[in-house]
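Notes for the structure review
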Amino acid sequence: MNLRKIVSFAFLLFIPLSVVASRLNWGDQAIFITAALSIIPLSIWLSTSVERVAVVTGPTLGGLVNAIFGNTTTLVIALIALKKGLVDIVQASITGSILSDLLLFMGMGMLTGGIRYKEQEFKPILARVNGSSMTLAVIAIALPTLVIYTSNVVEVADILSLSLVTATVLLIVYGLTLLFSLKTHSYLYEVGLSNENTPDNQVSEEEKAQVWIWLLVLLTSTVAVAYESDLFVDVVESVMEGFHLTPLFIGVIFIPLISDVSGIVTVIQLALKNQMDLTVSVAMGDSLLVALFVAPLLVFIGQFWQQPMDLNFNPFNVVALIVAVVVTNLISFTGRSNWLDGTLLLATYLILAVAFYYHPA
């Protein structure tokens, strides 16, 4: 049994516990903890089902499936929080997902892989293309915040208009990156899809027949994540007050940790198999999905739901994103990695996590 299955089965008990805690009114803290831990196995099953469907549907369509559904857990939690008006947590979760992808995912992959293989190589073009796109995304996300803090007076309507224009550009850029990676320059990304049970990534007839089962798992996991996320978000404000935590810390650190466990397990497994091309693709691809698709999509949905969702982030969020992109680009552009590179990325994440904990926002 691989690491992903061990983790998913180990936390399954918390799903019925969260339901019982909610129905029997065990208290907000019990609901918060059990619901949060329930999201971990559900996110793993959701991620696994996406990967299985992607493998069966082939490189192009499979890549598109991964690109669209790769961060379903993060999106579902953000949507529920946005619906309840917790815009500050939604904005923080966007920042946190990008930070965990660039620093935590890459760091864990490079550290564990570097310990086993001393030094590993991956295609520099992957880091360059994804790094350039990520730099653009962070600059675009930072612009509304920079406009406010470099102007004397900025109308709320102006910030909203700027956010909508920026969100539109980011969605267009994301579409172009998909066209680039899946169609016009797909040869640069031919690093294979992770499929542990099939040698040489050949899809068997049995796997093709099981695609409907995995689609059902995908649907069921999504519904279950939505249910557990609703329990989690319902009590998050009272628990924050009880534990003296800020929305910034909950959104940036806590939510990505429970929703991205599957990604962490995946990059560790890939790195231990010396598949660093895939490790880099998973980490940077997830960060691009959040920055170029999830964030702008939430801006438009927020306007539809009449929630004040825009790209006017906490200034420290912007600083943290810039730090993460700069450090990741510097370390990954060489196309080589070792355990020290992973340690540096993890150290950066840890320092930022502590800073967010003490930030009074």
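Residues numbered from 1 in each chain as written. Predicted model: local features only at pLDDT ≥ 70, side-chain atom pairs only at ≥ 80, totals over all residues. Heavy atoms only, no water.

If you look the protein up in an unreviewed UniProt entry, it shows as Ca(2+)/H(+) antiporter from Microcystis aeruginosa Ma_OC_H_19870700_S124. What the UniProt record of the protein gives under Subcellular location (unreviewed entry) is the line "Endomembrane system". (UniProt positions renumbered as here; feature names shortened; annotations may be inferred.)

**Things to note about the confidence of the model for the protein**
For the protein, the mean per-residue pLDDT works out to 86, and 90% of the residues sit at or above 70. Within the protein, the lowest mean pLDDT, 63, falls on helix H4 (residues 59-69), and the highest, 95, falls on helix H15 (residues 339-358). Note on residues 192-201: pLDDT is under 50 here. Beyond four places in sequence and across chains, it has 23 contacts. (pLDDT = per-residue confidence, 0-100. Helix = DSSP H or I, 4+ residues; strand = E, 2+ residues; numbered from the N terminus. Contact = heavy atoms within 4.5 Å.)

**Concerning the side chain of Ser163**
Looking at the secondary structure, you find Ser163 in helix H8 (residues 156-184). A polar atom in the side chain of Ser163 sits 3.0 Å from the backbone nitrogen of Leu311. Apart from residues no more than four positions distant in its own chain, Ser163 is found in contact with Pro144, Val299, Asp310, Leu311 and Asn312. (Polar contact = N/O pair within 3.5 Å; in protein donor to acceptor, adjacent residues only side chain to side chain.)

**Topic: empty space enclosed by the protein**
Evaluated as defined, the whole model comprises 1 cavity of 30 Å³ or more. There is about 30 Å³ of room inside the largest cavity. Around the largest cavity, the lining residues are Leu102, Asn130, Gly131, Met134, Met284, Ser287, Val325, Thr328 and Asn329. Looking at the lining of the largest cavity residue by residue, the classes come out as 4 nonpolar, 5 polar and no charged. (1 Å grid on protein atoms, 1.4 Å probe; cavity = no way out; pocket = protein on both sides within 12 Å on 5 of 7 lines; lining within 4 Å. Points joined across faces, edges and corners; volume = space filled by probe spheres on them. Nonpolar A, V, L, I, M, F, W, Y, C, P; charged D, E, K, R; others polar.)

**Quick notes on the packing of helix H12 (residues 261-272) against helix H13 (residues 276-304)**
The N-to-C vectors of H12 and H13 enclose an angle of 160°; their axes lie 8 Å apart at closest approach. Taken together, the axes of H12 and H13 lie roughly antiparallel to each other. Between H12 and H13 lies a crossing of left-handed hand. Across from Val267, Leu270 and Ala271 in H12, the residues of H13 making contact are Met276, Leu278, Thr279 and Val282. (Axes fitted to C-alpha atoms, helices over the stretch in contact; angles between N-to-C directions. Parallel < 35°, antiparallel > 145°, perpendicular 65-115°, else oblique. Left-handed = near helix turned anticlockwise from the far one by under 90°.)

**Considering unusual backbone geometry**
The backbone of Asn25 shows a phi angle near 55°, a positive value even though the residue is not glycine. Tracing the backbone through its elements, the reader meets Asn25 in the loop between helix H2 (14-23) and helix H3 (28-57). Phi angles above zero are rare outside glycine, and Lys118 is one such case at about 70°. Tracing the sequence through the fold places Lys118 in the loop between helix H6 (87-117) and strand E1 (119-121).

**Quick look at the pattern of salt bridges**
Counting across every chain of the model gives 4 salt bridges. A salt bridge links Lys84 to Asp230; the nearest nitrogen and oxygen atoms lie 3.2 Å apart. Of this pair, Lys84 sits in the loop between helix H5 (72-83) and H6 while Asp230 sits in helix H10 (residues 211-243), and the two are 146 residues apart along the sequence. A relative accessible area of 38% places Lys84 in the partly exposed class. Taken together, the shared-partner salt bridges in this structure form one network comprising Lys84, Asp230 and Asp234. (Salt bridge = Lys/Arg side-chain N within 4 Å of Asp/Glu carboxyl O. Buried < 20%, exposed > 50% of the residue type's maximum accessible area, 1.4 Å probe, protein only.)

**Notes on the packing of aromatic side chains**
Scanning all chains against the criterion turns up 9 aromatic pairs. An angle of 35° between the planes, with centres 5.6 Å apart, marks the rings of Tyr174 and Phe293 as tilted. Of this pair, Tyr174 sits in helix H8 while Phe293 sits in helix H13, and the two are 119 residues apart along the sequence. Ring geometry for Phe249 against Tyr357: centres 5.4 Å apart, planes inclined by 80°, an arrangement best described as edge-to-face. Placement of Phe249 in helix H11 (residues 247-259) and of Tyr357 in helix H15 is noted, with a sequence separation of 108 residues between them. We classify Tyr357 as partly exposed; its relative accessible area is 42%. Taken together, the ring pairs in this structure connect Phe32, Phe232 and Phe254 into an aromatic cluster. If you follow Lys83 out to its NZ or CZ, it ends over the ring of Trp305, 4.8 Å from the centre. (Phe/Tyr/Trp six-rings, centres within 6.5 Å; stacked < 30°, edge-to-face > 60°. Lys NZ or Arg CZ within 6 Å of the ring centre and 35° of its normal.)

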